[in-house]
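Listed here are the chains, written in short residue letters.
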Amino acid sequence: MFSSYSSLSLLVLLSIASSSDVLASPHPEGGRTINVLRRSREPWSPEDFRARLEGVHAKYGMKSPFTKRSSGTNLLTNLQYDSSYFGSIAVGTPPVSYNVILDTGSSDLWLAASESAARGSDIKTFDSSSSSTFKELNTPFSITYGSGSAKGTLGSDNVQWAGFEVIGQVFGLVTTASSGLLSAPLSGLMGLAFQSIAASGATPLWQTLAQTSGTLDSPLMAFQLTRFQNDTTAKNLEPGGSVTIGATDSTLYTGDIDFQSIPNGAPGYWIQSVTGLTVNGQSLSVPTGNSAWAAIDTGTTGIGAPASVVTQIYSQIPNSAAGTGQYQGYYIIPCSTSASVTFNFGGSSNSWSIAPADFILQQSSATECIGAFFEVDNSGAGNLTPSWIVGDSFLKNVYSVFRQDPAAVGFANLSAKANAMSGTDGTVPSPTIASFPSTVTATGSVVVATGTANSNGGISAFARSAGFGWILCIVASVFAGLFL
Ligand SMILES: *[C@@H]1O[C@H](CO)[C@@H](O)[C@H](O)[C@H]1NC(C)=O
Ligand SMILES: *[C@@H]1O[C@H](CO)[C@@H](O)[C@H](O)[C@H]1NC(C)=O
C-alpha cells in the first residue's frame, strides 16, 4: 500500500461531444442572392459550437482550446497567528465555496456535513441534497490526525480548486470530529499528499490534476506562507500567502529551487531526509536511514522531531525545561529566546534557516513560551512512518515546491515581495468560483464498505490542547480502500 501509485490510466473528458463533425465551411450558393438561411439542420446552440470545436480537437488528439488554465493559484488565509493556513474550494452543482485547511501531511478531502452536530453552529456545512451532481457512496470514512479525528461517510461530487475542476471527486462527509479540529470559518480539510496514504482510498484532487496529461504545465504545487505570529497587532485572519498548482511563481522566490528526491520506498507523504540540523551554529547529531524521514507538512504548526534530537536542541537553549502535564512532549523556554536553527535535506549542501521568531510556538505565561520543536514518537508505527514532521515553523521561511514527477520536494529562498507579506495587515482573500474551470474526471471509484482497520500504531504527537496548534499528519491508515 505504500508503493507510489501509477497504474490508472487517466482521461481528460473535456470532449463532451464525441461528434466528429468538423465545422462546416461556407459554400456560396452561386450567382443568385438568396435571403433564405440554410435549413438542412437544426441551428446549433452556443453549446453545440463549443462541443463541436472540442470534438474536432479531441478527434485529432489536440488539447481542447477551452483548456486555457494550465496553472492556477489559490490565495491562502493565515488563521490565528500562523496556527494554520486555509484556502477555498467550490463543491457541487451549483458550486458552493468552502474554506479548507490545505494539508500536505494527509491525502483525504472532507467537509463537515449538514447532518452533523456542526449544523446550527457557525460552521458552513455541505448539504448533499442541494447538489444535483452529488453521489452517495454508502461507505464509512474515518481518519485520525496527530491532533484529532474525523468520521462520516464517503460521497462524490464535482470539486473546483485554483481554477481546475475534478468531476466525481470522492470526499468524506464528516458528521463527527474531535473537538478543536474544526471551527468556523473552516468547513473541512483537503489533503495534498499521495493516494497511497488516503484513508478513503480516493485519489486526491491535486494528484488527479498532476497525473492527467495536458492539464498542468508542470505536475507540482508551490506554497508561500506568511508569518504574523510575532506581530502583536495581527488579527485572527490575515493574508496567508498562496499555493500555485501547475507552476511556480517566480515573483515569490529568488535563486534556484533545490529539489531533493523523495527517498525510495518512502510512504505517500512528502518525505525528505533530514541530513543536517544546527542550533546557534552547533551541529546536532540526527538519525540516519529511514529514521531521517520527515513529512513536509503544511498542516502542522510546529516541528516534530525524534526525542533524542529535541533533547539536543533545547540543551542549546539557556533556561529551557521539558514540559509536564499538558505540556508533555513540548519544552518551555524564555520568551526572550532568540535561537537560529538550520536544516539540510536530502544530503544537499544548501541549508535553510528558521527565523528566530519561528523558534517559538506560542506564549504560555508572562515570560514563558513554548518552543516550536516537539517530540514525535513513531515507535511501534512501522519503519515506514516518518520520524519528523516539518511543519509551518519551517515552511514560513522558504518557498516550498511539491513535485509529483519526478517525485521531489524543492525549497528556495523567498523573494523580497514574499517576505514583505509577512506582518503586513491586509484584506483576507475571498473565495472565487471559476466561471470556466478546466475540468478533469476523477479516476476510479470506491467499492469497499467492509474495510478493516489497518491499525499500525501510527505516530503519536503531543497535542492535547487545540491551543498548541494543529498536527495534521495522518496517523494510521484506516480503511484499506480498494479501487477499480
Ligand atoms: C538563500 O539565502 C541565503 C541568505 O541570503 C544564502 O546564503 C543562500 O545561499 C541562499 N540559498 C540559495 C539556494 O539560493
Ligand atoms: C517577526 O519575525 C521576523 C523574522 O524573524 C522579523 O523579520 C520581523 O521583523 C518580526 N516582526 C516583528 C513585528 O517583530
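Residues numbered from 1 in each chain as written. Chains lettered and ligands numbered in written order. Predicted model: local features only at pLDDT ≥ 70, side-chain atom pairs only at ≥ 80, totals over all residues. Heavy atoms only, no water.

**Section: the site of ligand 2**
Step number 1: Around ligand 2 sit Arg227, Asn230, Ala355 and Ala357, and those are all the residues in its vicinity.
Step number 2: Within the contact set of ligand 2, an oxygen atom lies 2.3 Å away from a side-chain nitrogen or oxygen of Asn230.
Step number 3: Notes on ligand 2: free accessible area 360 Å², of which the protein chains cover 41%.
Step number 4: Looking at the shell around ligand 2 residue by residue, the class counts come to 2 nonpolar, 1 polar and 1 charged. (Near = heavy atom within 4 Å. Polar contact = N/O pair within 3.5 Å; in protein donor to acceptor, adjacent residues only side chain to side chain. Areas by Shrake-Rupley, 256 points an atom, 1.4 Å probe, with all protein chains shown as cover. Nonpolar A, V, L, I, M, F, W, Y, C, P; charged D, E, K, R; others polar.)

**A short note on the site of ligand 1**
Step number 1: Residues in contact with ligand 1, as listed here, are Asn350, Trp352 and Asn413.
Step number 2: Contacts to ligand 1 include Asn413, whose side-chain N or O atom sits 2.3 Å from an oxygen atom.
Step number 3: Relative to its unbound accessible area of 360 Å², ligand 1 is 38% covered by the protein chains.

**Here's the deal with the sheet that holds strand β17 (residues 331-334)**
Step number 1: Read from one edge of the open sheet, 4 strands run β16-β17-β21-β20, paired in antiparallel fashion. One side of each edge strand has no neighbouring strand; the edge strands of this open sheet are β16 (321-322) and β20 (360-363).
Step number 2: Here β17 runs beside strand β21 (residues 368-371); their pairing, made up of 3 bridges, is antiparallel. Bridge assignment links Ile332 to a residue of β21, and that residue is Ile370. (Pairing = 2+ DSSP bridges. Helix = DSSP H or I, 4+ residues; strand = E, 2+ residues; numbered from the N terminus.)

**Focus on helix α3 (residues 307-315)**
Step number 1: Val309, Val310, Ile313 and Tyr314 are the residues of α3 that are buried. An end-on view of α3 places all buried positions within 125 degrees of arc, on one side of the element.
Step number 2: Turning to α3, the residues buried within the fold contact β12 (271-279), β15 (303-306), β17, β21, β22 (373-377) and β23 (388-390). (Buried < 20%, exposed > 50% of the residue type's maximum accessible area, 1.4 Å probe, protein only. Arc of directions from axis to C-beta. Contact = heavy atoms within 4.5 Å.)

**Thoughts on the UniProt feature "active site" (unreviewed entry) in the protein**
Step number 1: Summarizing the sequence annotation, UniProt attributes the feature "active site" (unreviewed entry) to Asp103 and Asp297 in the numbering used throughout. With the annotated positions falling across 195 residues, the maximum pairwise C-alpha distance of 6.6 Å places them together in a single cluster.
Step number 2: Residue placement: Asp103 occurs in strand β3 (residues 96-103).
Step number 3: Here Asp103 is in contact with Tyr145, Leu189, Met190, Gly191, Leu192, Ala193, Asp297, Thr298, Gly299 and Leu472, once residues within four sequence places are set aside.
Step number 4: A distance of 2.6 Å separates the side chain of Asp103 from the side chain of Ser106, its partner in a polar contact.
Step number 5: Mapped onto the elements, Asp297 comes out in the loop between β14 (293-296) and β15.
Step number 6: Those residues in contact with Asp297 that lie beyond four places of it in its chain are Asp103, Thr104, Gly105, Ile389, Val390, Gly391, Asp392, Leu395, Leu472 and Cys473. (UniProt positions renumbered as here; feature names shortened; annotations may be inferred.)

**A closer look at the packing of aromatic side chains**
Step number 1: This structure, assessed with the given rule, holds 22 aromatic pairs.
Step number 2: Ring centres 5.8 Å apart and planes at 85 degrees place the aromatic pair Phe223 and Phe402 in the edge-to-face group. Taken together, the positions of Phe223 in strand β9 (residues 220-225) and Phe402 in strand β24 (residues 398-403) put the pair 179 residues apart, joining distant regions of the chain.
Step number 3: An angle of 45 degrees between the planes, with centres 5.3 Å apart, marks the rings of Phe345 and Phe411 as tilted. Of this pair, Phe345 sits in strand β18 (residues 341-345) while Phe411 is found in strand β25 (residues 408-414), placing the two residues 66 residues apart along the sequence.
Step number 4: A residue is classified by how much of its surface remains accessible, and Phe345, at 2% relative accessible area, is buried.
Step number 5: On the basis of relative accessible area, Phe411 is assigned to the buried category, the value being 1%.
Step number 6: Aromatic rings pair up to connect Tyr314, Tyr331, Phe343, Phe345, Trp352, Phe359, Phe373, Trp388, Phe394 and Phe411 into one cluster. (Phe/Tyr/Trp six-rings, centres within 6.5 Å; stacked < 30°, edge-to-face > 60°.)

**Observations concerning unusual backbone geometry**
Step number 1: With an omega dihedral of 10 degrees, the bond running from Ala184 to Pro185 counts as a cis peptide bond.
Step number 2: Tracing the sequence through the fold places Pro185 in the loop between β7 (164-177) and β8 (188-191).
Step number 3: For the bond from Asp405 to Pro406, the omega torsion is -5 degrees, close enough to zero to count as cis.
Step number 4: For Pro406, the location among the structural elements is in the loop between β24 and β25.
Step number 5: Even without being a glycine, Tyr81 presents a positive backbone phi close to 55 degrees.
Step number 6: Secondary-structure assignment places Tyr81 in the loop between β1 (72-79) and β2 (84-91).
Step number 7: What makes Tyr81 partly exposed here is its relative accessible area of 38%.
Step number 8: Backbone geometry at Asn280 places phi at a positive 50 degrees, although glycine is not the residue there.
Step number 9: The residue Asn280 is located in the loop between β12 and β13 (282-283) in this model.
Step number 10: We classify Asn280 as partly exposed; its relative accessible area is 39%.

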